[in-house]
Amino acid sequence: MRDAVRELLSAHLEEALGRPLDLTEMTEDTALDALGLDSLLTISTLVDLSEECGVDLTEHADTLETPQALGDLLAITAQFMESR
Amino acid sequence: MNPLPPWAIDAADHATAPPALGDILKGPAANWPDRDAVNDGRTGLTFGQLEDAVRAVAGWLSEQGVEPGDRVAILAEKCTLMPILPVAIWRCGGVYVPCDATSPPARLRAMLARIEPRVVIALDDRDPIYPHGQWLGREQLDAIVSVPGPSRPSAMYARDQPAYIMFTSGSTGEPKGVEITAANLLAYFRNHNEVLRFTPEARVFSVAPFHFDVSIEDTLLPLSLGAYVFQFRSLHAGPIMRAVLARERITHLIAVSTLLTIMTGDGSGITRKTLPSLEMVMTGAEVCDPAVMNVWKSSLPGTRVINAYGPTEVTIVCFSYELPRADDDRRTSYPIGRPLRGVEAKIMADGVEVDAPGRTGELWVGGEQVMRGYFDQPDETARLVVEVGGVRYYRTGDICSYDGDGNVVFEGRDDDEVKLAGRRVHLGEIRQTALGHPGVERAAVALIPRGGRDVIALIVMAAAADVIPEVESHLANLLPEYMRPALVAWSPSLSVSSTGKTDEGRLIARLREAAKSSSSGYFGLTEGGDFEPMDEETVCAMQ
C-alpha cells in the first residue's frame, strides 16, 4: 500500500512539474516548495488525484488543509486511495 | 434592541456615535447572544461566546501589563478564535500585529525584534521564537478563552494612535510595517460598508489570511454588524469552495482575483440554483481577467459584482467599481472605479494633476483612510505620504488613467512591485535578500511565464555555479514561500559589464527564451552567452 501511494503520487507530481521526480529517497518532512511545488500546483495535483480515485472532494471540505510537506500529501493520497 | 454601529445600512443607526474599537462586538452580542457568529467548519462561536472570549483575553492581556500603545503580535491562523484577538487587543488600547505564521522563523524573528511586542500569541504549538515579552501558545490561549473574564471599559485611542500594523513587501529588502490608526479604521468601516452593504442577515465567506488586511473587511466589519462569517481554511480548490459557498448560503463573497478565478472554474458551477443567496461578489488586490467577472455577472444578474482597489497604506479598500452588466467584448480589465466616500484621489504626472481621459500618471489617494506611516521608517513615510492643500495623500506608485466615464483604470506599476496570487511582492526585496548572501556579486529578479502564469526568476552572478544551492537555502531562511524564485539561474560574473540594468535586462530576456523550451528549475549561462537548463541532481550535488 505504502509503495502504491508513493507511486501514484509521484506520477501525478511528475505530470504537474513536467519533469521526472524520485520520491523514494525523500523523507516525509520534505517541504513541498523544495520540490518546486507551490500551493497552486499542489492543489491542482490534489484535484487530479481525487478525480483519478473517484473521490468527491466536496465531502472532505472541512477536513482537508493545504499540505505543506511531502508527508501531508502522501497522507491525503492514501486517504483518497482507501476510499476509492 | 441595542443600536448597531453608525456604519450599519439601516438609517436608524446612523446617528449613533461610533463605538470604541474594542467594543465593536458588544452591540451584536447584546442583541443576539445565541446567534452563530463565526464558524470554520470544525468549531463555531455565537456572538455571546465571542464577546465572553474577548473579555477573557483582554483581561489576560491587561494582567500581562498591555497598555495603550503596546504592540501584540499574532502568529495568525485561519480559525474561529482569530477574530477574538484584535478586538481584545483594542479593548486594552494595544496595537494588533498579525504576522504570517508560515514565514520562515528567521524572518518572523526579525519582524518581532523590530516591533518589540509586549506579548506574542501563537495560534500553533511551536516553541517560543522570541525571547522578550510574554509568549502565549495555543493550549494556553484555549485555556484563557474558556474562563469568563471581567467586563472592563474599552480604551480610547488618540487621533494618531495605531490600531494595527500589517507588513508588506518593501524594495529595500525589509518588509514595511503599515500603521493604521483607530480613526483610519473607523472611517474605513463607514466608507466601505456603503458599498459592501453588510446587514445582520449577511453571511460572509472569509478566505483572506489574517496577516492580510482584507481579513478585517471580511471578518471584523461583518461581525460588528451582527453578520455571520465562515472562515474558510480548507483547500483552495474550485469544487470545494463552490460547495462551501452553497452549503453556508453565502450572501457576500470577497476573494482576490486568483481565488475568484479558481472558484469560477469553467463557469458551469455558478448558477442561481446552486448559489441562491449570493448578493455580492467583490474581487481585487490584483488585475482580474474580465471574463472571470463576466461569468458571475451574467450567471447571476441580480448579484452585485464589484472590482475593488486599495493599497494597505490607505486602509484595506479605497476605490470600487460595480459592473453595470457583463461586457463580453471587454478584453482589458474593468476599472477600479471611483474613490469611496471620504477618500480623495488625483492622478499626477510630472507634478501636475491630469484629468484628460486616457492620460496616465501616478495615483495619489488622500483623506481620512491614509495610514499614519511606516513603522520605524520615517524616511519612507516622508517619501510616500505628502500633504497637498491640507489633505494627506499616499503616493501609490500605481500608474492609472481616467476612462471616458470618469472611472479610474489601473494601468501598471512604475517600479518592480508585482502581485502574485493577490500578494504584494517587491522584486527588489528578493534581489536585496539574494545580494545578502556572500559570493553573490549581482542579482536580477523578474517574472517569467511558466505553465500559464508568471513565476519569479532569479539570476545570480557569482564566481561559480555552486552558489545556487547556498542562495536557495539563504532565501528559504528569509523569505516566505510565495516570494521564493521558481527559477534560479547562474551567470559567471565576467559576462557582465559595468552598465548594470541593460545587461540584466538582456540576461533576463535570454532566460525567458531558455525557459520556454525546458521545465527545469535551474539554468546556467554557457560560454556562448545562452542559458542552458541544469540538472536538479547536479545542483543538489553542489552542496
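Residues numbered from 1 in each chain as written. Chains lettered and ligands numbered in written order. Predicted model: local features only at pLDDT ≥ 70, side-chain atom pairs only at ≥ 80, totals over all residues.

Attention now moves to the overall build of chain A. The helix and strand tally for chain A stands at 3 helices and 0 strands. What you see in chain A, going N to C, is helices and strands ordered as α-α-α. The C-alpha atoms of chain A give 12 Å as radius of gyration, which agrees with the globular expectation for 84 residues (12 Å, within 12%). Dimensions of chain A along its principal axes, counting C-alpha atoms only, are 30 × 25 × 20 Å. Looking at chain A as a whole, 29% of its 84 residues qualify as buried. (Helix = DSSP H or I, 4+ residues; strand = E, 2+ residues; numbered from the N terminus. Rg over C-alpha atoms; globule rule 2.2 N^0.38 Å. Buried ≥ 20, exposed ≤ 12 C-beta atoms within 10 Å, placed from the backbone.)

Residues and elements named next belong to chain B. One non-glycine residue, Thr315, adopts positive backbone phi at about 60°. Structurally, the position occupied by Thr315 is in the loop between strand S13 (304-309) and strand S14 (319-322). Of the residues examined, Thr315 has 34 C-beta atoms within 10 Å and is grouped as buried. Non-glycine residue Asp350 carries a positive phi angle of around 50°. Within the secondary structure, Asp350 is located in the loop between strand S16 (343-349) and strand S17 (352-354).

Moving on to the interface of chain A and chain B. Contacts between chain A and chain B engage 16 residues on the former and 17 residues on the latter. A per-element tally of the side of chain A that touches chain B places helix H2 (residues 39-52) of chain A first, with 3 residues. For the side of chain A that touches chain B, a count of residues per class yields 7 nonpolar, 4 polar and 5 charged. (Contact = placed C-beta atoms within 7 Å. Nonpolar A, V, L, I, M, F, W, Y, C, P; charged D, E, K, R; others polar.)

Here chain B is partitioned into domain 1 (45-156), domain 2 (340-413) and domain 3 (419-541). Placing the centre of domain 1 of chain B and that of domain 2 of chain B at their C-alpha centroids yields a distance of 34 Å. (Domains from an automatic or database assignment.)

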